[in-house]
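# Architecture and fold: a report
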Amino acid sequence: MSTVTNLDVPDIADPQLYLDGIPHERFAQIRDMPGLAWHPYGDNGFWTVSRHDDAREVSRNPEVFSSAIGHTNLWDLEADALEARRSLIDTDAPDHTRLRRLTARAFTPKNIRRWETTVREITVELLDEFVAQGGGDWVELVSAPLPIRVILTMLGVPLDDADYLVELSNYLVEGTGDTQSIPPDAFGNTTELRLLPFNSPASHALFEYGEQLRAERQVDPRNDIVTELVQAEADGDRLSHSEFRNLFHLLVFAGNETTRTALSHGAIAFADMPDQWDRVLADPTMIGSATEEVLRWATPVLHMRRTAAVDTEFAGTQIAKGDKVVMWYGSTSFDERAHTDPLRFDVAREANPHDAFGGGGPHQCLGASLARLEISVLLEEMARRSLRLRRTSDVVRAPSNFVHGVLSVGMAPA
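Bear in mind that the values here come from a model prediction, so they are computed numbers and not experimental data. (Residues numbered from 1 in each chain as written. Predicted model: local features only at pLDDT ≥ 70, side-chain atom pairs only at ≥ 80, totals over all residues. Heavy atoms only, no water.)

### Comments concerning the overall build of the chain
What counts, and what does not: Elements are defined by DSSP. Helices are runs of H or I of four residues or more, strands are runs of E of two residues or more, and each kind is numbered from the N terminus. Values of the radius of gyration come from C-alpha atoms, whereas the globule rule sets the reference at 2.2 Å times the count of residues to the power 0.38. The buried label applies to any residue whose accessible area, calculated with a 1.4 Å probe on protein chains only, is under 20% of its type's maximum; exposed applies above 50%, and partly exposed to all values in between. Contacts are assigned to residue pairs with any non-hydrogen atoms lying within 4.5 Å of each other. Surface accessibility follows the Shrake-Rupley procedure with a 1.4 Å probe radius. Residue values consider only the protein chains on display as shielding. Positive charge is attributed to Lys and Arg, negative charge to Asp and Glu, and no charge count is given to His or to the chain ends. In plain terms, the charge of a residue is placed at NZ if it is Lys, CZ if Arg, CG if Asp and CD if Glu.
Regarding its fold elements, the chain presents 17 helices and 13 strands. Here the chain has a C-alpha radius of gyration of 21 Å; the compact-globule value for 414 residues is 22 Å, and the two agree. In terms of overall dimensions, the chain has a C-alpha envelope of 60 × 55 × 40 Å along the principal axes. Sorting the 414 residues of the chain into buried and exposed places 58% on the buried side. Within the chain, residue pairs in contact and separated by at least 24 positions form 69% of the contacts whose partners lie at least 6 positions apart. Here the chain has roughly 16800 Å² of accessible surface; of this, 49% comes from carbon and sulfur atoms. Each charge class in the chain can be summarised by its mean position, and for the 39 positive and 63 negative side chains these summaries are 4 Å apart.

Spelled out as structure tokens, the structure:
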């Protein structure tokens, strides 16, 4: 058995740490420790999975490392709160298999390619506006509106509501930090915060929005994902009330926030390291590898928890049933064992087994093909314009250990 005592393990759970970006030195220290490091947290703690290969093994062994037990974030939930919040990412087979089957068809690579024209039209419009006004907040002008408008179009949500849903997503990210800027009864919420995803009243607002849309599609079906979910329920592959609202919540948040984060970090990287963008401009065939490097560099979701379903030994460490086992993608995507010179942004990186979409297995990110499409189309349209970026402000990051979020960053055409 190899373990590291609490005193030896640097803190990686404090959300305030991430105001300065991923704490790479701390993660490197943990990666070099034998076995898994035990990290104190609250009244207990968690086993820290910091190496790439270990995260892959945890992800692909759901019988031992469960997503349904406890919670997929660091903190524990009471049984009623866990059931109230449970979505696709908080389930194991057979429930996970059933829920994923209801949504997976819309997100296959083949079906996602059908949306390329829509993605490109939105991208062109946003870049034209950005250039015409001489730049501004890249998050507000490009990286936030692009993915939310795409996913809302796919879901069948009116684009006029995009700003409102981006606002709700911003409040959800706040819920992963230490403080929230809105009161518990915001948006007319009367539900205990512990029963809401991210402990945020914005989840109540998103639930209410989804319920209204569901009711509309029951009487007025259309060619969109919400209609597919409603009809699947009606045809016998039933979604319960809580399953529908939590799935809608997940699709809006994950289909928006994570890609927004990647687009933000990609722009920052190309502005701060213009030689890498020059390589893409000189050879547009690099857009594929550049897209993967943007994803690795951004690593939008910083961690995901599993809970040991049985006593087990893993990575030379004895793990007890019920222990939290947390995969830190902010470490595994920068593991020297899997990536050469991982702290270098390299658009030509050939071997790039990053964990931006998780570590594989049944919970591999449903929206991976869509995220890749949105990033690659943005890079293509920037290259077509020979658009170079320069930063005009500091980066304002989200104080979150869960989402590698960027709240704002000033950009202008170089």
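That was the structure; now back to the text.
### Some points on the packing of aromatic side chains
The test is simple: Each pair of aromatic rings taken from Phe, Tyr and Trp, with Trp reduced to its six-membered ring, is defined by centres within 6.5 Å and is described as stacked if the planes are under 30 degrees apart, edge-to-face if over 60, and tilted in the remaining cases.
All told, the structure shown has 17 aromatic pairs when counted by the stated rule. Arranged with centres 6.4 Å apart and planes meeting at 75°, the rings of Tyr 164 and Phe 187 form a pair that is edge-to-face. Linking Tyr 164 in helix H9 (residues 162-174) with Phe 187 in the loop between H9 and helix H10 (201-219), this pair joins segments that are 23 residues apart in sequence. A residue is classified by how much of its surface remains accessible, and Tyr 164, at 29% relative accessible area, is partly exposed. Overall, Phe 187 belongs to the partly exposed group, its relative accessible area being 32%. For the ring pair Trp 297 and Phe 345, a centre distance of 5.4 Å and an interplane angle of 65° mean the geometry is edge-to-face.

### Some details on the sheet that holds strand S10 (residues 389-391)
Defined as follows: Whether two strands pair comes down to DSSP finding at least two bridges between them. In this analysis an axis means a line fitted to C-alpha atoms, helices contributing only their contacting stretch, and an angle means the value between N-to-C directions, from 0 to 180 degrees.
Pairing is antiparallel across the open sheet formed by three strands, whose spatial order is S5-S13-S10. With one partner strand each, in any of the chains shown, strand S5 (136-137) and S10 form the two edges of the open sheet. Strand direction decides the pairing type here: S5 and strand S13 (residues 410-413), joined by two bridges, are antiparallel. The residue bridging Asp 137 from the neighbouring strand is Gly 410, located in S13. Packing of helix H6 (residues 116-132) onto the sheet brings it into contact with S5, S10 and S13, and relative to S13 it is tilted by some 85°.

### Quick look at the packing of H6 against helix H17 (residues 368-384)
Going by this rule: Should an angle lie under 35 degrees it is considered roughly parallel, over 145 roughly antiparallel, and from 65 to 115 roughly perpendicular; all remaining angles are considered oblique. When the near helix sits turned anticlockwise from the far one by under a right angle, the crossing is termed left-handed; a clockwise turn instead gives a right-handed crossing.
Close contact between H6 and H17 brings their axes to 9 Å; oriented N to C, the two are set at 50°. Considered as vectors, H6 and H17 are oriented oblique to each other. Crossing hand, H6 versus H17: right-handed. Contacts between H6 and H17 involve Glu 116, Val 119, Arg 120, Thr 123, Val 124 and Leu 127 from the first element and Leu 373, Glu 374, Val 377, Leu 378, Glu 380, Glu 381, Met 382 and Arg 384 from the second.

### A word on the pattern of salt bridges
As a reminder of what qualifies: When a carboxyl oxygen of Asp or Glu is within 4 Å of a side-chain nitrogen of Lys or Arg, the pair counts as a salt bridge.
One pass over the structure, following the stated rule, counts 35 salt bridges. Two residues, Glu 293 and Arg 296, come together in a salt bridge whose shortest N-O distance is 2.9 Å. You can see Glu 293 and its partner Arg 296 sitting in helix H15 (residues 287-298), three residues apart, about one turn around the helix. An identical accessibility class is assigned to Glu 293 and Arg 296; each is buried. Between Glu 336 and Arg 337 there is a salt bridge, with the nearest N and O atoms lying 3.6 Å from each other.

### Things to note about the side chain of Glu 292
Along the chain, Glu 292 turns up in helix H15. The exposure class assigned to Glu 292 is buried, which follows from its relative accessible area of 18%. With sequence-adjacent residues up to four places away left out, Glu 292 is seen in contact with Asn 352, His 354 and Arg 372.

### What about the packing of H15 against H17?
What counts here: Note on residue classes: Ala, Val, Leu, Ile, Met, Phe, Trp, Tyr, Cys and Pro are nonpolar, Asp, Glu, Lys and Arg are charged, and everything else, Gly too, is polar.
Running from N to C, H15 and H17 cross one another at 120°; their axes reach a closest spacing of 9 Å. Overall, the two elements H15 and H17 adopt an arrangement that is oblique. With respect to the hand of their crossing, H15 and H17 are arranged in right-handed fashion. Every residue of H17 that contacts H15 at Ile 287, Ala 290, Thr 291, Glu 292, Val 294 and Leu 295 is listed here: Arg 372, Ile 375, Ser 376, Leu 379 and Glu 380. Residue composition of the contact of H15 with H17, grouped by class: six nonpolar, two polar and three charged.

### What about helix H14 (residues 274-282)?
The following threshold applies: The reported arc concerns the directions from the helix axis to the C-beta atoms and nothing else.
Considered for burial, the residues of H14 that qualify are Gln 276, Trp 277 and Val 280. Take H14 and look down its axis: the buried residues cluster within an arc of 100°, on one side only. Residues of H14 that are buried in the fold lie against helix H13 (257-272), H15 and H17.

### Some remarks on the pairing of S13
Bridge count between S10 and S13: three bridges; the pairing is antiparallel. If you follow Arg 390 over to S13, its bridge partner there is Ala 412.

### Side note on the nonpolar core
Condition: To qualify as a nonpolar core, a set must consist of buried Ala, Val, Leu, Ile, Met, Phe, Trp, Tyr and Cys residues joined through side-chain atoms within 4.5 Å.
If you look at the biggest cluster of nonpolar residues, it comprises 108 residues, and the most contacted ones within it are Phe 107, Trp 138, Met 154, Leu 155, Phe 248, Leu 389 and Met 411. Here this core takes 10 residues from H17, the largest share from any one element. Ignoring any residue separated from it by four or fewer positions in sequence, one finds Trp 138 in contact with Leu 127, Phe 130, Ser 143, Leu 263, Ser 264, Ala 267, Leu 378, Met 382, Leu 389, Val 409 and Met 411. Membership of the second largest hydrophobic core comes to 22 residues, among which are Leu 74, Trp 75, Leu 82 and Phe 334.

### Some points on the environment of Val 396
Looking at the secondary structure, you find Val 396 in strand S11 (residues 396-397). Separated by 305 residues in sequence, Val 396 and Thr 91 place their C-alpha atoms 34 Å apart. Aside from chain neighbours lying at most four places away, what touches Val 396 is Val 406, Leu 407 and Ser 408.

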